[in-house]
Amino acid sequence: GDSVTQMEGPVTLSEEAFLTINCTYTATGYPSLFWYVQYPGEGLQLLLKATKADDKGSNKGFEATYRKETTSFHLEKGSVQVSDSAVYFCALTSGGSQGNLIFGKGTKLSVKP
Amino acid sequence: ETGVTQSPTHLIKTRGQQVTLRCSSQSGHNTVSWYQQALGQGPQFIFQYYREEENGRGNFPPRFSGLQFPNYSSELNVNALELDDSALYLCASSLGGGKVEQYFGPGTRLTVT
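Residues numbered from 1 in each chain as written. Chains lettered and ligands numbered in written order. Predicted model: local features only at pLDDT ≥ 70, side-chain atom pairs only at ≥ 80, totals over all residues. Heavy atoms only, no water.

Participant: Hey, could you go over the layout of surface pockets for me, with residue numbers and the actual values?
Facilitator: Space inside the largest pocket adds up to approximately 490 Å³. In terms of lining residues, the largest pocket is bounded by 26 residues, among which Gln38, Gly41 and Glu42 of chain A together with Gln37 and Arg109 of chain B are the most central. For the lining of the largest pocket, the elements supplying multiple residues, two or more each, are strand 10 (86-93) and strand 12 (107-112) of chain A. Residues that form the lining of the largest pocket fall into these classes: 10 nonpolar, 12 polar and four charged. What the second largest pocket holds in volume is close to 160 Å³. In this structure, the second largest pocket is lined by Val4, Thr5, Gln6, Met7, Glu8, Gly9, Lys105 and Gly106 of chain A together with Gly40 and Gln41 of chain B. Looking at the lining of the second largest pocket, its residues break down into two nonpolar, six polar and two charged. (1 Å grid on protein atoms, 1.4 Å probe; cavity = no way out; pocket = protein on both sides within 12 Å on 5 of 7 lines; lining within 4 Å. Points joined across faces, edges and corners; volume = space filled by probe spheres on them. Helix = DSSP H or I, 4+ residues; strand = E, 2+ residues; numbered from the N terminus. Nonpolar A, V, L, I, M, F, W, Y, C, P; charged D, E, K, R; others polar.)

See below:
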């Protein structure tokens, strides 16, 4: 079945460092790909998405490019801030009538001042 | 525009009891999906309701059941609670199924003792 694998955390960075969180997927067909963020004690917020190969999703300085050839959707940010500390989830939906999301296990990011 | 809301925020139940969790979808959305997020894990799809009908189900036993009402709000019911049911339960609303964006509520933290 469809699945998402993302790098194990936690990841600890200093403020203004470069961030990469790796995400790879297995899916039949042509999934849409998402990054969600979960701040402490809160639900999930959609960070960015891409719906087809070579699409780049971006939001709040974060970017991810849908790479069909490597089945990847790595999350990047050039300069992280303390406020970016959260858990990041990579997810896919393979469509169909329901389009349920399939999530990775999450990567916890801590940014130190 | 009102976002997705869930109630209650926290709940403590005893093994064997029954629980009902509630979700109000975002204005204009006709689809509600429920997810279970165990501690340190990514959310797992429970089921989805579209226009008051179940529209897909994940790998959860029948003691997990749901309803959707004419105003598109929804309930998740869990019978015969087990210790492993302790988790954050997330509701997400969307406009239809398929590869559309899902918007999450803050979740209900259920603890089973």
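After that view of the structure, there is still more to cover.
Participant: For the state of the cysteines, give the residues involved together with the corresponding values.
Facilitator: All names here are of chain A. Per the counting criterion, the structure on display carries two disulfides over all chains. Covalently, cysteine 23 is tied to cysteine 90 through a disulfide, its sulfur atoms 1.9 Å apart. Looking down the S-S bond of the cysteine 23 and cysteine 90 bridge, the torsion is -70 degrees, so its handedness is left-handed. Of this pair, cysteine 23 sits in strand 4 (residues 23-26) while cysteine 90 is found in strand 10, placing the two residues 67 residues apart along the sequence. Each member of the pair, cysteine 23 as well as cysteine 90, carries the same accessibility label: buried. (Disulfide = S-S within 2.5 Å. Buried < 20%, exposed > 50% of the residue type's maximum accessible area, 1.4 Å probe, protein only.)

Participant: Provide a residue-level description of the sheet that holds strand 3 (residues 19-21) of chain A, including the pertinent values.
Facilitator: Residues and elements named next belong to chain A. Read across the open sheet, the four strands follow the order 3-9-8-7; overall the sheet is antiparallel. Because the sheet does not close on itself, it has two edges, and the strands there are strand 3 and strand 7 (56-59). Direction aside, neighbouring strands of the sheet carry axes that sit 15 degrees apart on average. (Pairing = 2+ DSSP bridges. Axes fitted to C-alpha atoms, helices over the stretch in contact; angles between N-to-C directions.)

Participant: Go over the interface of chain B and chain A with me, naming the residues and quoting the values.
Facilitator: By a frequent convention, interface size equals the accessible area lost on bringing the separate parts together. Listed as interface residues are 21 residues of chain B and, on the opposing side, 24 residues of chain A. Summed over the shared surface of chain B and chain A, the number is one salt bridge. Between glutamate 101 of chain B and lysine 49 of chain A there is a salt bridge, with its nearest N and O atoms 2.6 Å apart. Seen at the junction of chain B and chain A, the total is four residue pairs in polar contact (both at pLDDT 80 or more). Put simply, the parts of the chain that give the side of chain B that touches chain A at least two residues each are strand 4 (31-37), strand 5 (44-50), strand 6 (53-57) and strand 9 (87-94) of chain B. (Contact = heavy atoms within 4.5 Å. Salt bridge = Lys/Arg side-chain N within 4 Å of Asp/Glu carboxyl O. Polar contact = N/O pair within 3.5 Å; in protein donor to acceptor, adjacent residues only side chain to side chain.)

Participant: If you had to explain the pairing of strand 7 (residues 64-68) of chain B to someone new, which residues and values would you point to?
Facilitator: All names here are of chain B. Alternating residues of strand 7 divide into Phe64, Gly66 and Gln68, all buried, and Ser65 and Leu67, none buried. Bridge count between strand 7 and strand 8 (residues 74-78): five bridges; the pairing is antiparallel. Note on strand 8: the bridge partner recorded for serine 65 is asparagine 77. Following strand 7, the chain reverses through five residues before pairing antiparallel with strand 8; tyrosine 72 in that reversal takes a positive phi of roughly 75 degrees.

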